[in-house]
Every structure is written in C-alpha cells, then in structure tokens.
Amino acid sequence: MKKILNGLVPQGTTKRRSILKAGLGVMAASFVGAQAFAQSAWPNKSIRVIVPFSAGGAADTSARAICAALGETIGQSVIVENRTGGNAMIAAQAVLQAPADGYTFLWDAANQLTNPILLKNIAFDYKSSFVPVSLAVRVPQVLAVRENFPAKNLKEFVAYAKANPKKVTCGTPPSGGMGHLAIAMFQQVAGIELIHTPYRGGADAVRDLMGGQIDSTLLTLSTAIGAVQAGKARILGLTSLERTKSYPDVPTIAEQGYPGFDMDDWFGFFAAKGTPKQAIDGLQAATTKAAKSPAVIKTIDSRGMVLVVNTPAQFASWLEAQRAALEKLIRTANISIG
C-alpha cells in the first residue's frame, strides 16, 4: 500500500503542477492579449484631419473648432491640415494615399457628391473609396441683393426677375458649388431666368455686390452678413428649411411661398474605405461629445452655421438622398464647370 501511495503522490503532484502551469499560461496569455489590445486601442496617437479648403473660411473655421474639442475629448492631438486645389480632390487623394488605420480623416463637403457628376477622369470613385463618419455642420446660404436693388423682399425679387428676364445678375462661389446649385434650383421653382456669374470665392462675390457690379448673390450666411451689417446688402431669404437661432429674423425661402426648399451647404467627416470600424465609431462618438462644447457652439453660432452630428448610417442615408437630388438638378439645369 505504501508503495502504491508513494507511487500515487508524485503523479498527483505532477498533475496539479501541470494544471497550475497551464492555468498560469492562460493567465499570462490573457494578460499579454489584454496588454496588446490596450496598446492597439484607438486612438493611441495623434489624428490628422485634412481639409480641402483654405484657412479662414467656413470649412476651415468649423473644422478647427470641432477638432480642438475632439482633441480634448479623446486625449490626443487632432491636427487640421489644409490641402487646397483640384476642386477638393487633392485633399481627397491625400487621405486615400494615407494608411487606412483610423488616424487620417477627410473633412469634406458637397463635392463628394457633385465632383463625380461635374468632372471627368477622376482617379478614384468617391462613393466606393470613402466611408461616411458623421455629418457635422450645415451651412445655411442666403439670397442677398445690393442695397439699392428695386426689390425689397423675395416676392418682389421674383416679380422683377420675371419682368426683366435674363437681366438680373447673380454671383455664386464657385462654379458648380452649392450656391450655384441653390440658385439654379430657385430659378426652376420660381420660374425665373437670371444671369449666373461664378466667382472663385465668396469674398469676391460680396465685394462686387457691395460695389454694384452684380445685382445679387447666393452664398453662405456667414459670408454675406458683413455686407448686410455695413448697409451694402439686404438678405431676401435663407436656403434652410428652418430659420437659424443665430439670425432668427432672416426668413427662409421655404416659408415665402416655396415649401420644401432646402439647399444648405455642409461639412462632415469621411474615412478611407478599410478604416477600422472602431476608429469610425470612435470618431463619431467623440464628435457628438465635442459638439456640446461651449466653445464649439459659440464658434458655429457666430458664423451662422448649424451643428448636426449624426451616425455613419444616418449620414450615408442622407448622402444617398442628396446624391440623387443633386444629380437630377445638375442634369436638368445643364450645370457644368468651366
């Protein structure tokens, strides 16, 4: 018996040691796995947001305000990089050429939808190359006239344009931009014909409006408001469905006899296809928090813009509806660039 017991004791001890060793191995593997996950968790380094538009404009201002708050929210630097040119395609290509690792994003606008319709020989496909992250800001536009223009309101403007077909000039920045599309839509629904004058930038259009070189403009509220405050221009209508809280006295075009008229400009986040879902969802969640920052709200409100922030699925659905509507408008209005 003793011999048997002496033989059993080492075997049991060996088994216990094997089990203990195996258990420690699992614990060690779990620890290493958890450590690796923690090290790879998004974000663990600075993030780049590439903006296709020049510094100081509505796109740049809104991007910098939101990205500053994003940095505080996620605990990493969020660097805004302006890459202008190529009708916003240089910035888009820069994002596509970067690793799709969740550390480079594009802050883009309606050219995501209009470039494929208006331009030929694009080196990439916008729809399949980019993933919507979040619509962040809507930018109301306004139809404004020079101060001495005969019409005092939108109804009078339409009546004057009908009485003087192809004589009233309207400047928009740029050709094929959302201002151009908005005035094209308004001509369709109002049954009027204007002379369209494209400008490279909103400041140029406002300068000529104030100087009397053109009769009207359709551009962002934030760009037009300076001329209005200087007594050199009057706003006749806002392109949003609803009035903005920053300028509540500005009536919408929709409420002045054109129900459903909605042609704001906008900005939002996009990621390159293949970007990890964790990074996309993380940026969207952080953007939602950043939009509640008092500093962001103050900046956006002061420029006459409107914070939106939605989910990737909501943004994608909204883009599809916008894509169909804008393509139809561009075709029927025979809009082209150049």
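Look a little higher up for the structure.
A brief look at the structure comes next. Keep in mind the model is a prediction, meaning the values are calculated, not measured.

Observations concerning the environment of valine 51
Alright, step 1. With respect to the helices and strands, the residue valine 51 is situated in strand 1 (residues 47–51).
Alright, step 2. Those residues in contact with valine 51 that sit more than four places away from it in its chain are Asp60, Ala63, Val80, Glu81, Asn82, Arg83, Ala91 and Trp107.

Some details on the side chain of arginine 323
Alright, step 1. Positionally, arginine 323 belongs in helix 12 (residues 312–332).
Alright, step 2. Among the polar contacts made by the side chain of arginine 323, one reaches the side chain of glutamate 320 at a distance of 2.3 Å.
Alright, step 3. Non-local contacts of arginine 323, meaning those with residues more than four positions away in its chain, are made with Leu113 and Lys127.

Considering helix 10 (residues 277–290)
Alright, step 1. With 14 residues, helix 10 should cover 20 Å at 1.5 Å per step; its first-to-last C-alpha distance of 20 Å lies within 8% of that length.
Alright, step 2. For helix 10, the complete set of buried residues consists of Ala279, Ile280, Gly282, Leu283, Gln284, Ala286, Thr287 and Ala290.
Alright, step 3. At its buried positions, helix 10 is contacted by helix 2 (58–74), strand 3 (104–108), strand 4 (130–139), strand 10 (265–272), helix 11 (294–302) and helix 12.

Observations regarding the nonpolar core
Alright, step 1. Within the largest apolar cluster, 51 residues are counted, with the highest numbers of intra-cluster contacts made by Phe157, Phe186 and Trp266.
Alright, step 2. For this core, the secondary structure elements donating two or more residues are helix 3 (89–97), helix 4 (111–118), strand 4, strand 5 (141–146), helix 6 (154–163), helix 7 (178–190), strand 10 and helix 12.
Alright, step 3. Among the elements that line this core, the one with the most residues is helix 7, at seven residues.
Alright, step 4. Ignoring anything within four residues of it in the chain, the contact list for phenylalanine 186 reads Leu143, Leu154, Phe157, Val158, Gly191, Ile192, Ile253, Tyr258 and Phe261.
Alright, step 5. If you look at the next biggest cluster of nonpolar residues, it comprises 33 residues, including Ala58, Ala63, Tyr103 and Ala286.

Brief notes about the pairing of strand 10
Alright, step 1. Burial analysis of strand 10 places eight of its eight residues in the buried class, which makes it a mostly covered element.
Alright, step 2. Taking every second residue as pointing to the same face, both faces of strand 10 are buried, with Asp265, Phe267, Phe269 and Ala271 on one and Trp266, Gly268, Phe270 and Ala272 on the other.
Alright, step 3. The sheet contact formed by strand 3 and strand 10 spans three bridges and is antiparallel. Note on strand 10: the bridge partner recorded for leucine 106 is phenylalanine 270.

Thresholds, definitions, all that
- Residue indices follow the written sequence of each chain, beginning from 1 at its first position.
- Local features in this predicted model are restricted to residues of pLDDT 70 or higher, and side-chain atom pairs are both shown and tallied only at a pLDDT of 80 or more, whereas totals for entire chains, interfaces and linings draw on every residue.
- To obtain the side-chain values, all non-hydrogen atoms of the structure were included, while hydrogens and water were left out.
- Working definition: helices are DSSP H or I runs of at least four residues, strands are E runs of at least two. Numbering for both runs from the N terminus.
- Here, two residues are considered to be in contact whenever any of their heavy atoms come within 4.5 Å of each other.
- The term polar contact refers here to a pair of N or O atoms within 3.5 Å; inside protein, the definition further demands a hydrogen-donor-capable atom paired with an acceptor-capable atom, and it admits residues adjacent in sequence only when both atoms are side-chain atoms.
- By definition here, a helix of n residues has an expected span of 1.5 Å times n minus one.
- Throughout this description, buried means an accessible area under 20% of the type-specific maximum (1.4 Å probe, protein chains only), exposed means over 50%, and partly exposed covers the range between.
- Buried Ala, Val, Leu, Ile, Met, Phe, Trp, Tyr and Cys residues form a nonpolar core when they are joined through side-chain atoms within 4.5 Å.
- Pairing between two strands requires that DSSP report at least two bridges joining them.

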